Amino acid sequence: QITARATDVLGVSGTSAITPVVVDIPPSVTMVSPTNGTVLAAPANVTLTASATGNFGSVTNVDFYSGSAFLGQGVFTNWAYTRTLLLQGGEYHLTAVAFDSWGLGATSAPVTLVMDAPTVVSVTIEYHSASVQVRSGLAASSKYRKPLVP
């Protein structure tokens, strides 16, 4: 609470009415899932989860971003905000932004998620028979061509 007191040159003073003052601290927000450095096979549905608490005002919503691109708003369940998205191959720098009932916002520390798209390998076999070994994580297709006869 604040009051103001003024005194004029004749020494007459007056005090204002008491005015309540609310000092709001922005909410706190943390990305819970995925954790920093997670690598997943793409494409895949990924659930983003953030934990947010208000310090004075209550948390009204949490938005998810990849860099500056808005991914969607979280849905509040079980004391966390979640959003499930279909993500394609690439690297995502994810943050959650929480807003409180006073309009203040706070951004979580970023987490990096890598959606690893499988490498497609095309193999052409030009012999009567051959075997091709493909390592895990690679997709392969093959064609058979008759050998050239001189």
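Criteria and thresholds
Residues numbered from 1 in each chain as written. Predicted model: local features only at pLDDT ≥ 70, side-chain atom pairs only at ≥ 80, totals over all residues. Heavy atoms only, no water. Helix = DSSP H or I, 4+ residues; strand = E, 2+ residues; numbered from the N terminus. Buried < 20%, exposed > 50% of the residue type's maximum accessible area, 1.4 Å probe, protein only. Contact = heavy atoms within 4.5 Å. Areas by Shrake-Rupley, 256 points an atom, 1.4 Å probe, with all protein chains shown as cover. Phe/Tyr/Trp six-rings, centres within 6.5 Å; stacked < 30°, edge-to-face > 60°. Pairing = 2+ DSSP bridges. Polar contact = N/O pair within 3.5 Å; in protein donor to acceptor, adjacent residues only side chain to side chain. Patch = residues over 30% accessible without salt bridge, like charges linked within 9 Å, V, L, I, M, F, W, Y side chains within 5 Å. Salt bridge = Lys/Arg side-chain N within 4 Å of Asp/Glu carboxyl O.

### Regarding the overall build of the protein
Stage number 1. What the protein contains, in helices and strands, is zero helices and 14 strands.
Stage number 2. From first element to last, N terminus to C terminus, the protein shows the α and β order β-β-β-β-β-β-β-β-β-β-β-β-β-β.
Stage number 3. Residues classed as buried in the protein amount to 27% of the 150 residues present.
Stage number 4. For the protein, restricting intrachain contacts to residue pairs at least 6 apart in sequence, the fraction spanning at least 24 positions comes to 52%.
Stage number 5. As displayed, the protein has an accessible area near 10,300 Å², and 57% of this comes from carbon and sulfur atoms.

### Looking at the packing of aromatic side chains
Stage number 1. If you walk through the whole model with that rule in mind, you get two aromatic pairs.
Stage number 2. Between F76 and Y81, the ring centres sit 5.0 Å apart and the planes meet at 50°, which makes this aromatic pair tilted.

### Remarks on the pairing of strand β5 (residues 44-53)
Stage number 1. With five bridges joining them, strand β3 (residues 28-33) and β5 adopt antiparallel strand pairing. Looking across to β5, one finds that S28 is bridged to T53.
Stage number 2. In the sheet, β5 pairs with strand β9 (residues 80-87) via seven bridges, with the strands oriented antiparallel. Each residue of the ladder has a partner; that of T47, found in β9, is T84.

### A short note on the environment of S13
Stage number 1. Secondary-structure assignment places S13 in strand β2 (residues 13-15).
Stage number 2. When residues no more than four places from it in sequence are discounted, the contact partners of S13 are R5, A6 and T7.
Stage number 3. There is a polar contact of 3.0 Å between the side chain of S13 and the side chain of R5.

### Examining a nonpolar patch on the surface
Stage number 1. On the surface, V22, I25, F56, W102 and L104 cluster together to form a nonpolar patch covering roughly 520 Å² of accessible area.
Stage number 2. Tracing the chain through its elements places L104 in the loop between β10 (90-100) and β11 (105-107).

### A word on unusual backbone geometry
Stage number 1. Cis geometry marks the peptide bond from S33 to P34; its omega dihedral reads 0°.
Stage number 2. Tracing the sequence through the fold places P34 in the loop between β3 and β4 (38-41).
Stage number 3. The step from A42 to P43 runs through a cis peptide bond, and the omega angle for that step is -10°.

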